Amino acid sequence: MIHTMLARALAAAPLLVILAGGAAAQSSARTESAEWTVPATQPPAPISREEYASRRARLAARMGPGVLLVLGEQEPVADYLPFAQSSSFRYLTGVTEPGAALVIDKRGAAPRELLFVLPRDPAREVWEGVRMGADGARERTGIAARPAGALRTALDSMLAGGTTLYTVSPLGSDGSRSRWLRPDQQFAAELARAHPGTRVHPFDDQLFEIRASKSPAELDLLRRSIYITLLAQREAMRAVEPGMNEFEIQALIEATFRRNGAERPSFGTIVGSGPNATTLHYREADRFMAAGDMLVMDIGASYRGYAADVARSVPVSGRFSPEQRAVYEIVLAAQKAAEAQARPGASFGALSETASRVVAEGLARLGLIDAPGATYDCASRGQAQRCAQWTLFYMHGLGHGIGLDVHDPEQAYSDALQVGSAFTLEPGIYVRGDVLNHLPDTPANRALRARLAPVAARYRDIGVRIEDDYFITPTGVERVSECAPREIAAIEALMAEPGNWNRDRRPEVVEWYRGTRPR
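Now for a quick tour of the structure. Numbering of residues begins from 1 in every chain and follows the order in which that chain's sequence is written. Residues qualify for local features only when their pLDDT is at least 70, as the model is predicted, and side-chain atom pairs are given and counted only at 80 or more; totals for whole chains, interfaces and linings, by contrast, use all residues. Remark: hydrogens and water are excluded; side-chain values derive from all non-hydrogen atoms of the structure.

## A few points about the overall build of the protein
Then comes step 1: Note on conventions: DSSP H or I runs of at least 4 residues are helices, E runs of at least 2 residues are strands, and numbering of each starts at the N terminus. The helix and strand inventory of the protein stands at 17 helices and 19 strands.
Then comes step 2: With C-alpha atoms as the basis for the radius of gyration, the globule rule is written as 2.2 Å multiplied by the number of residues raised to the power 0.38. Here the protein has a C-alpha radius of gyration of 25 Å; the compact-globule value for 519 residues is 24 Å, and the two agree.
Then comes step 3: When burial is assessed residue by residue, the protein has 53% of its 519 residues classed as buried. Only protein chains enter the accessibility calculation, which uses a 1.4 Å probe; a residue is then buried when its area is under 20% of its type maximum, exposed when over 50%, and partly exposed in between.

Given below as structure tokens:
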């Protein structure tokens, strides 16, 4: 899944030639097609109370005198609607119940922690399930706990006379912060108005710096999430065939997640075929697939809150056409070139520039652009300028951190890859049917359109994205998702195997969807 903030930053970087260095992560068609078993992992264990306490202590150490408020997600409007805890609140407490809050009071000699949770309520628990209550929360977390209704009174007491109120808000789905105030931000503003002299100080960046380096326990949960995601990718490859609808593959993927213990998808499952394969975050998943289509499956399981993100692109017919193969090989080469440079101390920007260079050179070989460094007339904020032609077909960043959020804080965003980094690499090429239709109408662009249109028509609707999950280790990089085939021969071999999903398929029922489409 593409990180839009990082995409904008890296797409603006100049196209440079970076010499590859370091040992490449090992992968081969032989490894990909071998009999696959559960990978060696440490014995399953929850993240310890001591680790949660250490996270809170590290955050408190960065505070000045004042009070930190971290609100969990509130209860859904109706109790039958899905609920997911705020990743920052979960990171600091491990609590997954709604309506909770964490307060760290650092006005004295030592920080004092308080956890506020919904009280036990047998009448509500009949509908919503058993709550921890204050006693249960104290036993589970080791934090002094009170009923949630006491939060405002406690804060009023702490903020009387004015102090600094530190706040943490969840990230938006693309890693950004919304310009609209969330309920927790509104609550903080209300507290500041009620207590003159209180200054609200967002403390998100300090928490994200701590979250950026993953502990061994976090990496273990990510590994399990990735494994379950690979189960879904492999089974989906076996199932895909012409005539199926995208939603059938989406259902297979998400069912595989849940039946293996994942809580839910870590983001909206992307299953896009034909022209939909060229839409970066395609959501509808309701197109009937045909022979000759490419299918992009960008998916991830959320396991104990930790989010995997693995994308594969496959031919619906089971075998790549010459045009599909040509585009796919460029994307795979770009990913491998970036992967070869991934190691402790490497710059994520350098990896991105390397992948972009490989993509640009490949597009020029196909004739989809004039040359690797060629430009076209574009406009930004109403100002005419020149843009790289390769960005017409590769318009996003190379990757992003993964963790409790699918676009998680990552050390390399501000520094470099380090031991404890967990991230994706996901280059792509997307030949949209209208790619040349929306260029600014200038003489140079009209000539460019005339030159490139025949080649663009040949590769029309081919979308390819290849995304893997990586950990930085003391000796280099590990491609944790290596058992989802990415070599062409291995993909075609797996797609030729019979899939269990199709055995009970009811095509006559699926076809109802075609006939009921609104006209």
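## Regarding helix α6 (residues 133-141)
Then comes step 1: When α6 is considered as a whole, its buried residues turn out to be Gly-133, Ala-134, Ala-137 and Thr-141. An end-on view of α6 places all buried positions within 135 degrees of arc, on one side of the element. Exposed residues lying more than 90 degrees from the buried face of α6 are Asp-135 and Glu-139.
Then comes step 2: Phi turns positive one or two residues past the end of α6, at Gly-142, with a value near 80 degrees. In this description, the arc belongs to the directions extending from the helix axis to the C-beta atoms.

## A word on the pairing of strand β5 (residues 164-168)
Then comes step 1: Among the five residues that make up β5, five are buried, leaving the element largely enclosed by the rest of the structure.
Then comes step 2: Residues of β5 alternate between two faces, with Thr-164, Tyr-166 and Val-168 on one and Leu-165 and Thr-167 on the opposite face, all of them buried.
Then comes step 3: Here four bridges tie strand β1 (residues 67-71) to β5, and the two strands are oriented parallel to one another. Counted as the bridge partner of Val-67 is Leu-165 from β5.
Then comes step 4: By the convention used here, strands pair only if DSSP detects at least 2 bridges between them. Strand direction decides the pairing type here: β5 and strand β6 (residues 199-202), joined by four bridges, are parallel. Each bridged residue has a counterpart across the sheet, and for Thr-167 the counterpart in β6 is Pro-202.

## With respect to the environment of Phe-471
Then comes step 1: On the secondary structure map, Phe-471 appears in strand β18 (residues 468-473).
Then comes step 2: Between the C-alpha atom of Phe-471 and that of Leu-219, which follows or precedes it by 252 residues, the distance is 8.0 Å.

## Quick word on the sheet that holds strand β12 (residues 310-315)
Then comes step 1: One open sheet holds the three strands; their spatial order is β8-β9-β12, and the pairing between them is antiparallel. One side of each edge strand has no neighbouring strand; the edge strands of this open sheet are β8 (270-273) and β12. Pairwise comparison of adjacent strand axes, ignoring direction, gives a mean angle of 10 degrees for this sheet.
Then comes step 2: Relative to strand β9 (residues 294-299), β8 is paired through four bridges, and the arrangement is antiparallel. For Gly-272, the partnering residue across the bridge sits in β9 and is Val-296.
Then comes step 3: Whether two residues are in contact is decided by their heavy atoms, any of which lying within 4.5 Å being enough. Interaxial angle, 0 to 180 degrees, is taken between N-to-C directions of lines fitted to C-alpha atoms, where a helix line uses only the stretch in contact. Against the sheet, helix α11 (residues 246-259) makes contact with β8 and β9, and its axis sits at roughly 155 degrees relative to β8, the strand it touches most.

## Description of the packing of aromatic side chains
Each aromatic ring pair is specified by the distance between its two centres and by the angle formed by the two planes.
Then comes step 1: Note on aromatic contacts: the rings of Phe and Tyr and the six-membered ring of Trp form a pair at centre separations within 6.5 Å, being stacked when their planes are under 30 degrees apart, edge-to-face when over 60 apart, and tilted otherwise. Per the stated rule, a full pass over the model turns up six aromatic pairs.
Then comes step 2: Taken together, a centroid distance of 6.0 Å and an interplanar angle of 40 degrees make the contact between Trp-390 and Tyr-394 tilted.
Then comes step 3: With 5.5 Å between their ring centres and 15 degrees between their planes, Phe-423 and Tyr-470 make a pair best called stacked. In this pair, Phe-423 sits in strand β15 (residues 422-425) while Tyr-470 sits in strand β18, placing the two residues 47 residues apart along the sequence.

## Considerations on the sheet that holds strand β10 (residues 301-303)
Then comes step 1: The three strands lie next to each other as β7-β10-β11, forming an open sheet whose pairing is antiparallel. What marks the edges here is a single partner per strand, and that holds for β7 (264-265) and β11 (306-307).
Then comes step 2: The pairing of β10 with β11 spans two bridges and is classified as antiparallel. Within β11, the position partnered with Ser-302 by the bridge is Ala-307.
Then comes step 3: With respect to the sheet, helix α10 (residues 216-239) is in contact with β10 and β11, its orientation differing from that of β10 by roughly 140 degrees.

## What to know about a nonpolar patch on the surface
Then comes step 1: Patches in this entry comprise residues that are over 30% relatively accessible and not in a salt bridge; like charges within 9 Å are linked, as are nonpolar side chains (Val, Leu, Ile, Met, Phe, Trp, Tyr) within 5 Å. Each accessible area value is a Shrake-Rupley result obtained with a 1.4 Å probe; residue values ignore everything except the protein chains displayed when judging cover. In the sections that follow, a salt bridge refers to a side-chain nitrogen of Lys or Arg positioned within 4 Å of a carboxyl oxygen of Asp or Glu. Residues Val-77, Tyr-80 and Leu-81 make up a contiguous nonpolar surface patch of about 410 Å² in total accessible area.
Then comes step 2: Along the chain, Leu-81 falls in the loop between β1 and α4 (87-93).
Then comes step 3: A relative accessible area of 39% places Leu-81 in the partly exposed class.

## Things to note about the pattern of salt bridges
Then comes step 1: Under the defined criterion, the tally for this structure stands at 43 salt bridges.
Then comes step 2: The partner of Glu-209 in a salt bridge is Arg-62, with the nearest N and O atoms 2.4 Å apart. Here Glu-209 is found in helix α9 (residues 204-211), whereas its partner Arg-62 is found in the loop between α3 (49-61) and β1, with 147 residues between them in sequence.
Then comes step 3: Taking relative accessible area as the criterion, Glu-209 reaches 49% and is therefore assigned partly exposed.
Then comes step 4: For Arg-62, a relative accessible area of 38% gives the class partly exposed.

## Some thoughts on the pairing of strand β2 (residues 101-105)
Then comes step 1: Within β2, five of the five residues are buried, which leaves the element mostly enclosed by the surrounding structure.
Then comes step 2: In this structure, β1 lies alongside β2, joined through five bridges in antiparallel fashion. Residue pairing in the sheet places Val-70 in a bridge with Leu-102 of β2.
Then comes step 3: Connecting β2 to the next strand, strand β3 (residues 112-117), in antiparallel fashion are six residues.

## Considering the packing of helix α12 (residues 322-341) against helix α13 (residues 348-366)
Then comes step 1: Between α12 and α13, whose axes approach to 8 Å, the crossing angle comes to 155 degrees. Taken together, α12 and α13 sit at an angle that is classed as roughly antiparallel. Crossing of α12 against α13: the hand is right-handed. Contacts from Ala-326, Val-327, Ile-330, Ala-333, Ala-334, Ala-337, Ala-338 and Gln-341 of α12 reach α13 at Ala-350, Leu-351, Thr-354, Ala-355, Val-358, Val-359, Gly-362, Leu-363, Arg-365 and Leu-366. We call two directions roughly parallel when the angle between them is under 35 degrees, roughly antiparallel when it is over 145, roughly perpendicular when it lies between 65 and 115, and oblique otherwise. Helix crossings fall into two classes, left-handed where the near helix is turned counterclockwise from the far one by less than a right angle and right-handed where it is turned clockwise.

## A closer look at unusual backbone geometry
Then comes step 1: In the Ramachandran plot, Ala-285 falls in the positive-phi region, its phi being about 50 degrees despite a non-glycine side chain.
Then comes step 2: Within the secondary structure, Ala-285 sits in the loop between β8 and β9.
Then comes step 3: Phi is positive for Arg-304, which is not a glycine, with a value near 50 degrees.
Then comes step 4: Structurally, Arg-304 can be placed in the loop between β10 and β11.
Then comes step 5: By relative accessible area, which is 56% here, Arg-304 ends up exposed.

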